[in-house]
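The primary structure of each chain is shown beneath.
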Amino acid sequence: MTDPVRPLAGAMPDERGHFGEFGGMFVSETLMEPLEELIAAWEAAREDPAFQAEFDRDLAHFVGRPSPLYFAERWSRQLGGARIWLKREDLNHTGAHKINNTVGQALLARRMGKRRVIAETGAGQHGVATATVAARLGMECVVYMGEEDIRRQAINVYRMRLLGAEVVPVTSGSRTLKDALNEAMRDWVTNVDSTFYIIGTVAGPHPYPAMVRDFQAIIGREAKAQMQEQAGRLPDALIACVGGGSNAMGLFYPFLDDEQVGIYGVEAAGDGLETGRHAAPLCAGRPGVLHGNRTYLMEDEDGQIIETHSISAGLDYPGVGPEHAWLKEIGRARYESVTDEEALAAFHDLTRTEGIMPALESSHALAFARRLAPTLPADQILLVNLSGRGDKDIHTVAAREGIQF
Amino acid sequence: MSRIEAKFQELRESGRTALIPYVTAGDPDPDLTVPLMHAMVEAGADLIELGVPFSDPMADGPVIQAASERALAHHVNLRRVLEMVRLFRTRDDRTPVVLMGYLNPIEVMGYDCFAAEAAAAGVDGALIVDLPPEEADGLLPRLRERGLDLVFLMAPTTTEARMEKICAAASGFVYYVSLRGVTGAANLDVSEVAEKVAAIRRHTDLPIGVGFGIKDAESAARVGEVADAVVVGSALVRRIAENLERRDAIVPAITSLLGEMRGALDGA
């Protein structure tokens, strides 16, 4: 373990996008100059009060921020132990945290004069959030989605089409999120002059991991102020699910230097880490290079990327944001995993005891809280990022329980 | 003198343009690759680019993606590709072989181990699509130590400032990607290529190869007028894909296209 610099926030990435040994810009030469242009545009926008004001205004009036901080009193009492608070990103427009980032990137695209946006999507949440902002700004929108995911998420596909987006089925490789990302990269390299690529998570080449984190950090900044206001102190630990890791980075980032606050990222253990059928690169993978950055990956002994498994399509990704890899390496965050079964149990728990139906992705964070809370005294506070709502997952849950509509 | 340097010197002395075919190692099956390499040399190839299969070939179009999938179905990994080069070298010690692929399989093998084993197998260089010079500090010196060249790409989006940086890191030859897009795309603009190649020449004395979008004798000849080397990949790999049911037809299908290109380049 290396001795980290303090403060942690703002220390990474370096100017070439490295988080310690992770991150970077591992892309084909055609994309290097467009990425340099994006870095310059993002750095200028970040310092521009007019851009920030417009972003803040859109978050307030289009997304519906601030999202509430909610004390899950009944569930906490039932579990017995630490008190669980929920950051309600599920109440955002389009039903998840994804919109924070697409609003930001679309404003940046417009500022750069790009009229066409593209995106990759797994469960369809990022695709819907991208199609939504494209509709609002009158931009052409193309979303790449694995053929297998299109089959699993028909309603989100139709939703994107209603919003005017073209949804392109990806038939290469495993036909899921990683292949959709490959295909979006191929589109970008072909149409690089006209097109802005809206990546949906804190992965990809620099500046995406830092830029997406900064757009999502509104989650943690709000939560920190709300905790002080509503509970009179900071939480003892943060818990968020990690696929690519954008909702988690958004929550964690403003707390990195509050050393008394523990940080837990929760990966998808699928059928169980021991079965190999999971999506937990930080817990069970190793470092490698994919999709423009060095990070933990699910790969075989030859360095080929292997198929992942999770009941949650949004966590079904073989890589993870490089800043998470770095936080693991320096020991600032701990990464745990929960199985499909545990996530489903938490899904039912929260629905029945609090009247809140969480997304299956967020159910992974809840499942870890469910495991941790009873081991802690009642004066402890766990803050869980409820990153999305569960309506989109009703068919998956029903199918799992043998129910046909 | 390296094999690459010797080959380009010989070509320069005879006033010829290099013809560089690309095939994916192990496509359509591992046993065909070495015989195919020899046949390509007989048909006029000056240097061979041998693709290392990867599960997520982001810079490649559908034709080469499919080739990677066919090779991976036979579990062709980096070690087996090196074995193929070793076997090729038992009969051919003059034709340079450059491995082309993505960084991750090399990361997994380890940079030192890759450099040592590639050199021992008779590999002359590597072209790693997702490794720009900014990220090459770890691998570059290890390859140099073993006498291997790292071949860098330049693209229509590459600025003069980047050309300078890339040419400073490059050895062997440099490779200009002739279009915005993936391998096998169709929008080749030869006058833009000529302009860019002239700009690159202001930054380096290394030979300049041009690839992406060259599909027949005519496009090879036009690009050959401005470049030192012409790289053809997808057009050859497509001939493999078209003949999967008739394995015996694959080598002749490829050598006949290469032969036409050789003739066009030599002005026959």
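Residues numbered from 1 in each chain as written. Chains lettered and ligands numbered in written order. Predicted model: local features only at pLDDT ≥ 70, side-chain atom pairs only at ≥ 80, totals over all residues. Heavy atoms only, no water.

Caption draft 1: Geometry of the pattern of salt bridges. Residue and element names in this part refer to chain A. This model, assessed by the stated rule, comprises 53 salt bridges over all chains. Across the salt bridge formed by Glu-54 and Arg-110, the nearest N and O atoms sit 2.8 Å from each other. Remark: Arg-110 occurs in helix H4 (residues 98-111) and Glu-54 occurs in helix H2 (residues 49-63); sequence separation between them is 56 residues. Since its relative accessible area comes to 22%, Glu-54 is described here as partly exposed. Across the pair Asp-271 and Arg-277 runs a salt bridge, and its minimum N-O distance is 2.7 Å. Given the relative accessible area of 44%, Arg-277 is considered partly exposed. (Salt bridge = Lys/Arg side-chain N within 4 Å of Asp/Glu carboxyl O. Helix = DSSP H or I, 4+ residues; strand = E, 2+ residues; numbered from the N terminus. Buried < 20%, exposed > 50% of the residue type's maximum accessible area, 1.4 Å probe, protein only.)

Caption draft 2: Representation of unusual backbone geometry in the model. Across the junction of Arg-65 of chain A and Pro-66 of chain A, the peptide omega takes the value 0 degrees, indicating a cis bond. Along the chain, Pro-66 of chain A falls in the loop between H2 and strand E3 (69-71). Cis peptide bonds are those with omega within 30 degrees of zero, and the linkage from His-206 of chain A to Pro-207 of chain A qualifies with 10 degrees. Examined against the element boundaries, Pro-207 of chain A turns out to sit in the loop between strand E8 (195-197) and helix H9 (208-216). Of note, Arg-175 of chain A is a non-glycine position whose phi angle comes to about 60 degrees, a positive value. By the element assignment, Arg-175 of chain A lies in the loop between strand E7 (166-170) and helix H8 (177-190). The phi angle at Phe-212 of chain B is positive, at roughly 80 degrees, despite the residue not being glycine. Here Phe-212 of chain B is to be found in the loop between strand E8 (208-211) and helix H10 (217-224).

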